[in-house]
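# Coordinate inspection notes
What follows is each chain in one-letter form.
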Amino acid sequence: YPIHLAHSYLVLGHIASTLGRTSDAVQAYGEAARILNKLTAEASGTPQFERWLSDTLSQLSDAWLRVKRPDDAKQAHQKALWRISKVAAEFPDDADYQLELAGFLRETRNLDGAVAQFSKILDKHPDRADAWTGRAAAYLRLQQWDSAVADYSEAIELAPQVQTNWFHRGHVYS
């Protein structure tokens, strides 16, 4: 499958980059980009495939940043955001798809957008500990300490077995 081949080129690029072989990394990332560009130009797939494709594009964006190609990184990021936003819009009541978008926004440093998306999820699904945790992490990056503590506390109440929530809430206090 082409998506597996694109992943393989990403791995090769990461290895080359780690070894300091930037030109080889650029070549491998270029092959991954070529495959992904062809996939994004074709007809839409299932929601699961769209999520997979957006995740791979996001990885490509990070890869381009590793080899100091910001324009290529931005292009891959925009394609990934468009794909995951499309799936989230098609399934507005599916918390998992909405969480995927919120997590993508948080991981790509669109923290205000992530907080808004997590809040939207929590309005419909207040029992989702993972949404409370995700919004708390965004608040943490925004240095909104009280909001982060409140959200981690909600997550702990819903899922006390998740140790990372206890850790992060304690970290805010320290």
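Before going into details, it helps to say that this report is about the structure given with it.

Thresholds, definitions, all that
- Residues numbered from 1 in each chain as written.
- Predicted model: local features only at pLDDT ≥ 70, side-chain atom pairs only at ≥ 80, totals over all residues.
- Heavy atoms only, no water.
- Core = buried A, V, L, I, M, F, W, Y, C linked by side-chain atoms within 4.5 Å.
- Buried < 20%, exposed > 50% of the residue type's maximum accessible area, 1.4 Å probe, protein only.
- Helix = DSSP H or I, 4+ residues; strand = E, 2+ residues; numbered from the N terminus.
- Contact = heavy atoms within 4.5 Å.
- Polar contact = N/O pair within 3.5 Å; in protein donor to acceptor, adjacent residues only side chain to side chain.
- Salt bridge = Lys/Arg side-chain N within 4 Å of Asp/Glu carboxyl O.

This part covers the nonpolar core. In this structure, Tyr 29, Leu 36, Leu 60, Trp 64 and Phe 118 are the most contacted members of the largest nonpolar core, which totals 44 residues. Those elements that place two or more of their residues in this core are helix H1 (2–18), helix H2 (22–41), helix H3 (47–66), helix H4 (70–90), helix H5 (95–107), helix H6 (111–124), helix H7 (129–141) and helix H8 (145–158). Excluding residues that lie within four positions of it along the chain, Tyr 29 makes contacts with Tyr 9, Leu 10, Gly 13, His 14, Ser 17, Leu 60, Ala 63, Trp 64, Arg 66 and Val 67.

Among the structural elements, Tyr 29 can be located in helix H2. Put simply, Tyr 29 and Ser 85 are 56 residues apart on the chain and 24 Å apart in space, counted from C-alpha to C-alpha. A distance of 3.2 Å separates a polar side-chain atom of Tyr 29 from the backbone oxygen of Gly 13.

Further remarks concern the pattern of salt bridges. Evaluation of the coordinates by the stated rule reveals 9 salt bridges. Across the pair Lys 124 and Asp 93 runs a salt bridge whose closest N-O atoms are separated by 2.9 Å. Taken together, the residues Lys 124 in helix H6 and Asp 93 in the loop between H4 and H5 connect sequence positions 31 residues apart. In this structure Lys 124 comes out as partly exposed when scored by relative accessible area, which is 45%. With a relative accessible area of 56%, Asp 93 lands in the exposed category. The partner of Arg 128 in a salt bridge is Asp 130, and the shortest N-O contact between them spans 2.8 Å. Within this structure, Asp 96, Arg 128 and Asp 130 form a network of salt bridges that share partners.

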